[in-house]
Amino acid sequence: MTVTAGNPPGDFVQVGATRDGLEPYLDAAHRRGMRTVLVETPAYLRWRKLLGRREFEVEVAVERPQDPDAVRAALGAAGVAPALVLTGFERYVYAGFALARALRVAPWPDVGDTFRPLDKREQREALLAGAPQVAQPGFVPLGPDVGDAADRLGGGDAADQLGFPQVIKPADGGGGLGVLLVDGAAQRHRALDRVGALVNYGGGAFSGIVAEEFVKGPEFSLQGVAHEGSAVLLSVCEKLTCLEEVPDEPGLSGFREVGHVARPGDGAPPALQELAQACLDATGYRAGPFHVDVIQGPDGPVFVEMGFRLSGGGLVALVEKATGADWAELAFHTHLGDAPVRPDGAGGTGIAGQISAVSEQELAAAEALQEPGLTVEIQLAAPPPDPAALPADDLPVLASDLARHTGAAGRVVLSGGPGDRIPALLHSLVADRLRG
């Protein structure tokens, strides 16, 4: 769809709010004169207001945004005429694409006539079938039921073949929710019970659980846009990830992304370019934003998982800082056909890094950084609102959000100066957490 004079742009519908406070799609829609519509749970809309987040022109409360039929009915009742439907949060990516297909609006059909986003288990199976050259950890899909852990494992024999340590994760989680490292069958049973007791974002159960081989090595993520089936790689981010003990579960640890260092994608090694394209081919994803998580193993990159949306965690802004590419704007370009999708490479610093600071000490250390040409930006987080201000019924719905998306004191962004110093400086700010 090309927006021209006399051609009303229609409504932009975002299913799920971003959790990092950025609203890149909101800006892209406003630039086109589109009315902006946000679909979220009533509980998260109330929480979002307490957080002071930017408002959409229309906010539609749906108890289960993961249900595309419920979203479609609510939009109809609100008089919304969607022209473009995109997802702001991982939990609702499945419903977002199903809704666009049912309404026959962008990104359908350019995304692929029959495309549907695959969960973590389905991604692994698709790559095994369609791109066997892509290395990935060994994995075992486990049942979605939350009964006895041994029953979910079928006795544990299949998962035992993966060896230890291994990773337990929900098949359709997001933001690191329920991703645990285990070092033996007893820990695995505890981890499965822990994941089984969690609720997904917005309430509801996970679709399943995956046990996978733990691959040790530097972690990276690729950010890009699919255009007519081709991967346009915008950036490659080195991840800073720490292990943190699970509350009330001594000896059981989960993962948390602490920071990222972004570099332009046009300088990525060929193996990463090829991996991104193989992921698009295997999953059938032809148009739209994507990100791919990889580990650099001893023999090359190892696929971890893929997302069919913009990344969270402030990465949209970091990618633009490093590369000059407006990731959300390029996604709108590919869906609405109003400009080329390849970035021009202008305006970026070439490398930029960030951490999510969790203490005044980390912020003070960032303020003290002094390097020739280095720019240090400190984005303080607002004091967190008191969840007690919400209705009591909201708290179970928001439990995973409160556990995974609160607690930051601010964000520190480094750019300029000798580029090879930025990773070392970021590591110095969070050294205590990385050692943990």
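Being a predicted model, the structure only gives us computed values, none of them experimental.

Regarding its fold elements, the chain presents 16 helices and 16 strands. Here the chain has a C-alpha radius of gyration of 21 Å; the compact-globule value for 436 residues is 22 Å, and the two agree. Seen through its C-alpha atoms, the chain measures out along the principal axes to roughly 65 × 55 × 50 Å. When burial is assessed residue by residue, the chain has 53% of its 436 residues classed as buried. The long-range fraction of contacts in the chain, counting pairs at least 24 apart against all pairs at least 6 apart in sequence, stands at 67%. Carbon together with sulfur atoms contributes 52% to the accessible area of the chain, which is approximately 17,800 Å² in total. Charge-centre separation for the chain: the mean point of 36 positive side chains lies 2 Å from the mean point of 57 negative side chains.

What follows deals with the nonpolar core. Counting 35 residues, the largest nonpolar core has Val13, Val37, Val39, Val60, Leu75, Val85 and Ile168 as the members making the most contacts within it. Those residues in contact with Val37 that sit more than four places away from it in its chain are Asp11, Phe12, Val13, Gln14, Phe56, Val58, Val60, Leu75 and Val80. In terms of nonpolar packing, the next biggest core, distinct from the first, is built from 33 residues, Phe12, Val232, Trp327 and Leu336 among them.

A separate point is the pattern of salt bridges. Overall, the coordinates contain 26 salt bridges when judged by the stated rule. The shortest N-O distance in the salt bridge between Asp27 and Arg54 comes to 2.6 Å. Of the two residues, Asp27 sits in helix H1 (residues 24-31) while Arg54 sits in the loop between helix H2 (42-51) and strand S3 (58-61), which places them 27 residues apart along the sequence. Using a relative accessible area of 39% as the deciding quantity, one classes Arg54 as partly exposed. Between Arg124 and Glu212 there is a salt bridge whose closest N-O contact spans 2.7 Å. Of this pair, Arg124 sits in helix H5 (residues 120-130) while Glu212 sits in strand S8 (residues 209-213); the two residues are 88 residues apart in sequence, bridging distant segments of the chain.

Glancing now at the pairing of strand S16 (residues 410-416). Judged by how many residues are buried, S16 sits mostly within the fold: six of seven residues are covered. For strand S14 (residues 352-357) and S16, the ladder comprises six bridges, and the chain directions are antiparallel. Within S16, the residue paired with Ser356 across the bridge is Arg411. In the sheet, strand S15 (residues 374-380) pairs with S16 via seven bridges, with the strands oriented antiparallel. Directly across from Val376, in S16, lies its bridge partner Leu414.

Parameters and conventions
- Residues numbered from 1 in each chain as written.
- Predicted model: local features only at pLDDT ≥ 70, side-chain atom pairs only at ≥ 80, totals over all residues.
- Heavy atoms only, no water.
- Helix = DSSP H or I, 4+ residues; strand = E, 2+ residues; numbered from the N terminus.
- Rg over C-alpha atoms; globule rule 2.2 N^0.38 Å.
- Buried < 20%, exposed > 50% of the residue type's maximum accessible area, 1.4 Å probe, protein only.
- Contact = heavy atoms within 4.5 Å.
- Areas by Shrake-Rupley, 256 points an atom, 1.4 Å probe, with all protein chains shown as cover.
- Lys, Arg positive; Asp, Glu negative; His and termini not counted.
- Charge placed at Lys NZ, Arg CZ, Asp CG, Glu CD.
- Core = buried A, V, L, I, M, F, W, Y, C linked by side-chain atoms within 4.5 Å.
- Salt bridge = Lys/Arg side-chain N within 4 Å of Asp/Glu carboxyl O.
- Pairing = 2+ DSSP bridges.

Purely spatial values, then, with no claim about function.
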